[in-house]
Amino acid sequence: MRIRATVVAVTGAVALSAFVVPAAQAAGSGAHHPIDTLRALHAAASGRSTFTGATGEVGTPYALDAKFTGVSVNNGKPIVAGTSGRVSVPVTFKVTHGVGVDVTASDTELDVFIYRGSFDEPANFLGGDDYPACSNTSATVATCRGTIDILPGEELENADATSWKAAGYIIDVNDVDLSADDIDYSKVGFTESASLTTAKLQRLSKLTVNAAPEPVKKGKTLTVTGKLSRANWDNGTYAGYSTQPVKLQFRKKNSSTYTTVKTVKTSSTGSLKTTVKASVDGYYRYVFAGTSTTPAATAAGDFVDVK
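Trainee: What should I look at first to understand the overall build of the protein chain in this one?
Mentor: Secondary structure summary: the protein chain contains four helices and 20 strands in total. Across the 307 residues in the protein chain, those meeting the buried criterion constitute 47%. Across the protein chain, every contact between residues at least 6 apart in sequence was considered, and the portion connecting residues at least 24 apart equals 69%. Carbon and sulfur atoms form 50% of the exposed surface of the protein chain, whose accessible area is close to 14,000 Å².

Trainee: What is the right way to read the environment of serine 193 from this model?
Mentor: Tracing the chain through its elements places serine 193 in strand S10 (residues 189-193). Once the C-alpha coordinates of serine 193 and alanine 166 are considered, the two residues, 27 residues apart in sequence, prove to be 8.6 Å apart. Every residue in contact with serine 193, bar those within four places of it in the chain, is listed here: Phe68, Ala166, Ala167 and Gly168.

Trainee: Teacher, can you tell me more about the environment of proline 78 here?
Mentor: Looking at the secondary structure, you find proline 78 in the loop between strand S2 (66-73) and strand S3 (79-81). Aside from chain neighbours lying at most four places away, what touches proline 78 is Lys200 and Gln202.

Trainee: Looking at this structure, how should I read the sheet that holds strand S4 (residues 87-97)?
Mentor: With antiparallel pairing, the four strands of this open sheet are ordered in space as S2-S4-S8-S7. What marks the edges here is a single partner per strand, and that holds for S2 and strand S7 (133-136). When the angles between neighbouring strand axes are averaged without regard to direction, this sheet yields 20°.

Parameters and conventions
Residues numbered from 1 in each chain as written. Predicted model: local features only at pLDDT ≥ 70, side-chain atom pairs only at ≥ 80, totals over all residues. Heavy atoms only, no water. Helix = DSSP H or I, 4+ residues; strand = E, 2+ residues; numbered from the N terminus. Buried < 20%, exposed > 50% of the residue type's maximum accessible area, 1.4 Å probe, protein only. Contact = heavy atoms within 4.5 Å. Areas by Shrake-Rupley, 256 points an atom, 1.4 Å probe, with all protein chains shown as cover. Pairing = 2+ DSSP bridges. Axes fitted to C-alpha atoms, helices over the stretch in contact; angles between N-to-C directions.

Here it is, written out as structure tokens:
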């Protein structure tokens with residue numbers, strides 16, 4: 001993932017060393033996640049880090065006159081992820097700043113990301129592959145748009161299916177050469193904000209249905225089976241979701257409306273099984289309403305020909 005070389009230089013390696021970097025988030029692995037900013041910038045803002053190391057380094061960054069407003073992650077909807085591939089969701093926000101601050105300048109860096117747990121000791125965090133794009137809408141307001149890009153197979157565990165918070169930071173380097181041996185960090189500005197908004201992550205669910213036998217004589221018994229499963233981020237598979245209420249619904253052949261026949265609970269392995277009496281041609285389906293950690297799911301209707 002992309003490691004922010006600018007932030008590392010500004011905030012110092014000592015603050016970063018307190019945070020263990022997961023293998024998938026180590027330098028050189030390709031994509032970006034703000035591991036180096038989450039801990040180091042917060043430490044700096046709290047006055048707990050000093051900027052010493054190379055000969056001549058002095059000072060601490062000044063407070064930048066800027067703040068985040070109107071932060072939205074995935075348009076306020078839950079982020080649903082399976083076990084593989086990439087999930088990208090939009091992040092939008094505004095930055096209100098002093099007249100002397102230009103967040104679109106080439107020597108200014110800013111980002112918004114999400115984290116789980118406390119801001120001081122996050123259990124996990126997720127960011128975008130690229131920095132947000134901002135445009136000035138006035139002398140003191142910029143509108144920005146970015147993404148949160150997630151690789152579920154590398155970055156998520158089941159405990160991540162919960163509520164997250166968004167945080168952001170802005171650094172104004174002010175053309176300071178951060179690679180020099182003699183740096184005055186007091187010329188570098190930054191600000192950070194935690195708990196800007198919330199975002200919920202959910203484990204993708206799948207639901208199947210099969211009504212048998214087909215065809216069936218009128219008045220005979222139909223057995224309707226299925227399975228409710230959801231993404232297991234701990235091992236990269238889909239596992240049955242146990243003891244969950246699922247509705248069995250039916251619609252007649254020439255109707256567009258489903259009606260609920262009964263509610264069935266999934267077994268310990270997520271399986272579903274119930275019986276009904278065949279009456280007319282139509283479609284059977286299972287419908288799962290969802291939970292806080294798992295989104296709703298609806299199986300495609302299974303047609304039954306009644307003779």
